[in-house]
Amino acid sequence: MITGNLLWVLAGAILLGIAAGLNGTFAFLQKQSLVGDAAAHAALPGIAIAYLILQQKDLPILMLGAAITSAIAVYTIQWIVSQSKLKADAAIGLVLSVFFGIGIVLITLVNQSGAGNQSGLNDFIFGKAATMAKSDLIWLSGSAMLIIFMCLLFFKEWKLMIFDPVFAKGIGLPVERLRILLTALTVLTIVTGIQAVGVILMAAMLIIPAAAARFWSSHLGIILVTSAFFGALSGALGTLISSLRTGLSTGPIIVLSASFLFLISYFFAPTRGLLSKSRKKKAFKQPSIAREAMEHE
């Protein structure tokens, strides 16, 4: 039986899944998914610093701290790539490790302080949606709906920016500003979901639904709808499964649900799935084998 609080958690997880699926698709197609991973890990020190300053778990302030350090991490990656010979993957790995290490140290300091062990900041590492208060879930849902609205509002502009940036510049679109806006929205998506899914796993919610949706179509509109559906279904399944047994963290179950949907897509997608490709290869080889047999005769 679905209780009132579980219904709120379920609605929040579904909205978060839709938001992550939509925003994650743009990030995935722009090859910025791992930047989202670094931003997610970089949110932890911002949360800890905000708590150390205020000495209370005020979610909007904690999320503001998370957004600031996540944004700093993203722009640090871009600065390292532009100002050095390091490739993007090396810069992402460096920034992710440093920020996450700082976050763990600060969380440890918080836990060792007076009432720090009661702060609940450890829940931000792996997420714990089931323990979120109704006010937190309202904030999460409102933020997720804003992300969904922005993704739909700038659909055409981001589509041009990703697939034909030269043409986008030619018709007067502010391509750099659109990139900054997309990056900012990615940070907001991560900040929105870290209490439910956790800083370690939030990047998976940006990557997995979009990657799974890519197997089903080459049309951006269909990919976006499919990714949003996979994100919503992952959120719903993860919430319902974790509610069946006390002690199961919602975040990991949501990510495992998304991974299951990815495996289904990888094997069974009608045109790009592994089984479909195998059938096409066999159908292509059979006429060749028949022709070779006729030639030998």
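Residues numbered from 1 in each chain as written. Predicted model: local features only at pLDDT ≥ 70, side-chain atom pairs only at ≥ 80, totals over all residues. Heavy atoms only, no water.

Some thoughts on the overall build of the chain
Cut-off, in case you're wondering: Secondary structure counts use DSSP, requiring at least four H or I residues in a row for a helix and at least two E residues in a row for a strand, with both numbered from the N terminus. In this scheme, a residue with accessible area under 20% of its type's maximum is buried, one over 50% is exposed, and one in between is partly exposed, where area comes from a 1.4 Å probe on protein chains only. Residue contacts are defined here by distance: any two heavy atoms, one from each residue, within 4.5 Å place the two residues in contact. Only the protein chains shown count as covering a residue, and every accessible area follows the Shrake-Rupley method with a 1.4 Å probe.
Per the secondary structure count, the chain includes 13 helices and zero strands. Secondary structure of the chain in N-to-C order comes out as α-α-α-α-α-α-α-α-α-α-α-α-α. Across the 297 residues that make up the chain, the buried fraction comes to 46%. In the chain, of all internal contacts separated by at least 6 residues, the share reaching a separation of at least 24 is 71%. Per element, the accessible surface of the chain, about 15100 Å² overall, is 69% carbon and sulfur.

Digging into the nonpolar core
How we decide: By nonpolar core we mean a set of buried residues, namely Ala, Val, Leu, Ile, Met, Phe, Trp, Tyr and Cys, connected to one another through side-chain atoms within 4.5 Å.
Membership of the largest hydrophobic core comes to 54 residues, with the highest contact counts inside it found for I194, V197 and M202. Per-element accounting of this core gives the leading share, eleven residues, to helix α2 (residues 33–54). In this structure, I148, C151, A168 and A228 belong to the second largest nonpolar core, which totals 21 residues.

Brief notes about a positive patch on the surface
What counts is decided by this rule: Residues enter patches when they are more than 30% accessible in relative terms and free of salt bridges; like-charged ones are connected within 9 Å and nonpolar ones (Val, Leu, Ile, Met, Phe, Trp, Tyr) within 5 Å. A carboxyl oxygen of Asp or Glu within 4 Å of a side-chain nitrogen of Lys or Arg is what we treat as a salt bridge. Charge convention: Lys and Arg are scored as positive, Asp and Glu as negative, and His as well as the terminal groups of each chain are ignored. Positions of charges follow a simple convention, taking NZ of Lys, CZ of Arg, CG of Asp or CD of Glu.
Judged by side-chain charge, K277, R279, K280 and K281 come together as a positively charged surface patch. Locating R279 in the fold gives a position in helix α13 (residues 274–296).

Observations concerning the environment of A73
Among the secondary structure elements, A73 is positioned in helix α3 (residues 59–83). Looking at A73, the relative accessible area reads 0%, which means it is buried. Considered as a pair, A73 and H41 are 32 residues apart in the sequence and their alpha carbons are 9.2 Å apart. Setting aside residues no more than four positions away along its own chain, A73 makes contact with A42, V95 and F99.

Structural notes on the side chain of T69
Relative to the elements of secondary structure, T69 occurs in helix α3. If sequence neighbours within four positions are ignored, T69 has contacts with A42, A43, P45, G46 and F99.

As far as function goes, none of this settles anything; it's purely spatial.
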